[in-house]
Each structure stands twice: as structure tokens, then as C-alpha cells.
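Structural features, examined
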Amino acid sequence: MSRLAELGLSGYEEQCYRALLARGPSTARAVSDASGVPMGRVYDVLNGLAARDLVETRPGEPTRYCAVDPETAADRLLAERKRELAEQTDRYERLAAALGDELAAVPPTESRFWTAPLGGETAVSLTRQVFEDASDEVRSAMSRPYVGAPWDRYDAEIAAFDETLPTEQSVRVLVAAPVLDTVPAAVRDAYLDREAVSLRVTTALAATFDLVDDDRVYLHVAHPLDEGERLGAVELRDDALLARLQDRFERAWERAETLSALR
């Protein structure tokens, strides 16, 4: 995927924009010929770029189109993406607030949402908080957004996990098999004989969550615009949701394999 595509341009939009950069002010016919975008689509594409202030129109017969300079285009595309992200964040915050109402007969007594990108300070603090909140047991499922994320994006969270592992509480971790593809072999091997944690590998879970004792759950929300990234985490105290996740975890745990069995 090109950088322009990552910033929000479709394939046809990128082809037209690059053609205009190379040619300078051009008619729609000339842009179509230079870019390979069909004439039946080129007007819609050029007008869409103009509406986003990435292309300027010059009146005449026929109308000529001119690309804004790349630096200006990049700034405007970045502003669009930031607006989209802000809207998505608002949407997920509303979803998080309403989640308990959807999944249980009564609303949760308490819920909180944190924006927590992988490996950031907030994420590290949340990792520590999970164990600080626990008095009896922690059960964690580790899937998206860790699936596909490079190890160096979240290794700080694993370091915090290692540092805060309790000795008096039970800790069980279910890891989605694809996560291990990016985990260094030395790190995997270090968990083979860890007394403080039981770890198994599963293909039965696609969500990431932490079950703390029998009274709260931390749900991890994958980023909607960035694969292998986390938007944030929601803390919920909802008995019905907790019971469902506990059941799902235990059934997956029974079918999961140990790390040693995978060697």
C-alpha cells in the first residue's frame, strides 16, 4: 500500500493526482490518458479531489485541473485522517458506554475507557493495574490487536507484565497462535517453565481481555484504522458479561495447547 493510499486516497484518486503532478494543469481527457483512469470515472475522481482541496479547477472550455503541491496535499490528507480518528474515538467511547446495556439485563455499575496505543505509557500502567486490582485470579486472553503487531511495539507491556506478576494469585494466559509469529524465540522459551504464570496457545479466541477475580473485565479495543494497533481499553463491572467471558475462556483453555507441546 502506498503512502497516499494509507492517507486516504483510492487507487484512481492517486493515479489522477500523480498524473497532474507530472503534467501540470490538464484537461480531464489528458488526465485520463496519462493516468489510465477511464473517462467514465475521471470526472467523478477529479471532482472528488477538488472537493477535498487536493486539486484546483481552472475555468475554461474545457475545464483544466491542477494538483496542489505535495506538502499541502499531505497536510490536508493528514487533517482528514485526524478528523476520522476523532470521530472513531467518539464512536467507540459511546459503544463502550453502551456495551453493558447490550450484553446484560442491567447496566454495569461502573465502566471506564482509556485511549491506550500498544506499548504506550497508558498501556503499561493498565498492565500493572490489572494485577494491582486482583486479589485471587487473573485470566487473560491475548489476540487482536497483538496479532500482526511487531514485537517492539508492545514489548514494554510484556516487561511490565513480567515485573508485576504476583506470587499469591493465580495467573493464566491464553495466547492466540498467530501472536507467537512475532514473539522472539528467547521470550517464548522463557515462559516454558515460569512458575508464576500458566500459558497456553489457542485458535479459539479472537478478542483480547483480562478477567480480574470475579468482578471486573478489561476489554481491549482494536484500532479501526491501524491493523496491529489498539485504540484503547474498557473496564467493565458487569456480572452477565463477566460470566460469558469466563465460560468462553475456560472452554478455550481446555482445548488449548501448552508451549512445550508446540516445540
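Refer to the structure printed above.
Just so we're clear, the structure is a prediction, and the values are computed from it rather than from any experiment.

Some thoughts on unusual backbone geometry
Most peptide bonds take the trans form, and the phi angle of most residues other than glycine is negative. The omega angle of the peptide bond from glutamate 61 to proline 62 is 0°, so this bond is cis rather than trans. The linkage connecting arginine 144 with the following residue, proline 145, adopts the cis geometry, with an omega of 10°. By the secondary structure assignment, proline 145 is in the loop between strand 5 (137–142) and helix 7 (151–164). At aspartate 213, a residue that is not glycine, the phi angle is positive and equals roughly 50°.

Regarding the environment of aspartate 44
In this fold, aspartate 44 is placed in helix 4 (residues 39–51). For the pair formed by aspartate 44 and threonine 72, sequence separation is 28 residues and the distance between their alpha carbons is 22 Å.

Some details on the pairing of strand 7 (residues 198–202)
Relative to strand 7, strand 6 (residues 170–176) runs parallel, the two sharing five bridges. Within the sheet, the bridge partner assigned to valine 175 lies in strand 7 and is valine 201. By the bridge criterion, two bridges tie strand 7 to strand 11 (residues 257–258) in an arrangement that is antiparallel. Note that in strand 11 the partner of arginine 200 across the bridge is threonine 258.

Re the sheet that holds strand 1 (residues 26–27)
Taking strand neighbours across the sheet as the criterion, the three strands line up as 1-3-2 in an open arrangement whose pairing is antiparallel. Looking at the sheet topology across the chains shown, the edges are occupied by strand 1 and strand 2 (55–58). Pairing of strand 2 with strand 3 (residues 64–67) involves four bridges; the strand directions are antiparallel. Bridging from a neighbouring strand, arginine 58 pairs with arginine 64 of strand 3. Strands in contact with helix 2 (residues 11–23) are strand 1, strand 2 and strand 3; relative to strand 3, the strand with the most contacts, it is inclined by about 90°.

Some words on the packing of helix 6 (residues 121–133) against helix 7
Between helix 6 and helix 7, the shortest axis-to-axis distance is 9 Å and the interhelical angle comes to 25°. When the interaxial angle is binned, helix 6 and helix 7 end up roughly parallel. Crossing angle aside, the handedness with which helix 6 passes helix 7 is right-handed. Note on element contacts: helix 7 touches helix 6 through Ala156, Glu157, Ala160, Phe161, Glu163 and Thr164, opposite Ala123, Val124, Thr127, Arg128 and Phe131. Along the lines of polarity and charge, the residues of the contact of helix 6 with helix 7 split into six nonpolar, two polar and three charged.

Considerations on the packing of aromatic side chains
Scanning the entire structure with this criterion turns up six aromatic pairs. Where phenylalanine 161 meets tyrosine 191, the ring centres are 6.5 Å apart and the plane angle is 35°; that geometry is what we call tilted. One end of the pair, phenylalanine 161, is in helix 7; the other, tyrosine 191, is in the loop between helix 8 (185–190) and strand 7, and 30 residues separate them in sequence. The pair phenylalanine 161 / tyrosine 191 is uniform in exposure class, with both members buried. Residue placement shows arginine 91 over the ring face of tyrosine 92; its charged tip is 5.5 Å from the ring centre. For the cation-ring pair, arginine 172 lies above tryptophan 253, with the distance from its terminal atom to the ring centre recorded as 5.1 Å.

Some details on the nonpolar core
For soluble globular proteins, the rule of thumb is that nonpolar side chains tend to be buried together. In this structure, Tyr154, Phe161 and Val179 are the most contacted members of the largest nonpolar core, which totals 32 residues. Looking at this core, the elements with two or more residues in it are helix 6, strand 5, helix 7, strand 6 and strand 7. What tyrosine 154 contacts, discounting residues up to four positions off in sequence, is Leu118, Gly119, Met142, Tyr146, Ala149, Val179, Thr182 and Val183.

Description of the pattern of salt bridges
Side-chain pairing between opposite charges can occur once the charged atoms of the two side chains come close. Evaluation of the coordinates by the stated rule reveals 19 salt bridges. Arginine 81 is paired through a salt bridge with glutamate 84; the nearest N and O atoms lie 4.0 Å apart. Here the residue arginine 81 and the residue glutamate 84 both occupy positions in helix 5 (residues 70–103), the gap between them amounting to three residues, near one helical turn. As a salt-bridge pair, arginine 172 and glutamate 250 come within 2.6 Å of each other at their nearest N and O atoms. Of this pair, arginine 172 sits in strand 6 while glutamate 250 sits in helix 9 (residues 239–255); the two residues are 78 residues apart in sequence, bridging distant segments of the chain. Where salt bridges share partners, they join Arg112, Asp133, Asp215, Arg216, Glu235 and Arg237 into one cluster.

Cut-offs and rules
Residues numbered from 1 in each chain as written. Predicted model: local features only at pLDDT ≥ 70, side-chain atom pairs only at ≥ 80, totals over all residues. Heavy atoms only, no water. Helix = DSSP H or I, 4+ residues; strand = E, 2+ residues; numbered from the N terminus. Pairing = 2+ DSSP bridges. Contact = heavy atoms within 4.5 Å. Axes fitted to C-alpha atoms, helices over the stretch in contact; angles between N-to-C directions. Parallel < 35°, antiparallel > 145°, perpendicular 65-115°, else oblique. Left-handed = near helix turned anticlockwise from the far one by under 90°. Nonpolar A, V, L, I, M, F, W, Y, C, P; charged D, E, K, R; others polar. Phe/Tyr/Trp six-rings, centres within 6.5 Å; stacked < 30°, edge-to-face > 60°. Buried < 20%, exposed > 50% of the residue type's maximum accessible area, 1.4 Å probe, protein only. Lys NZ or Arg CZ within 6 Å of the ring centre and 35° of its normal. Core = buried A, V, L, I, M, F, W, Y, C linked by side-chain atoms within 4.5 Å. Salt bridge = Lys/Arg side-chain N within 4 Å of Asp/Glu carboxyl O.

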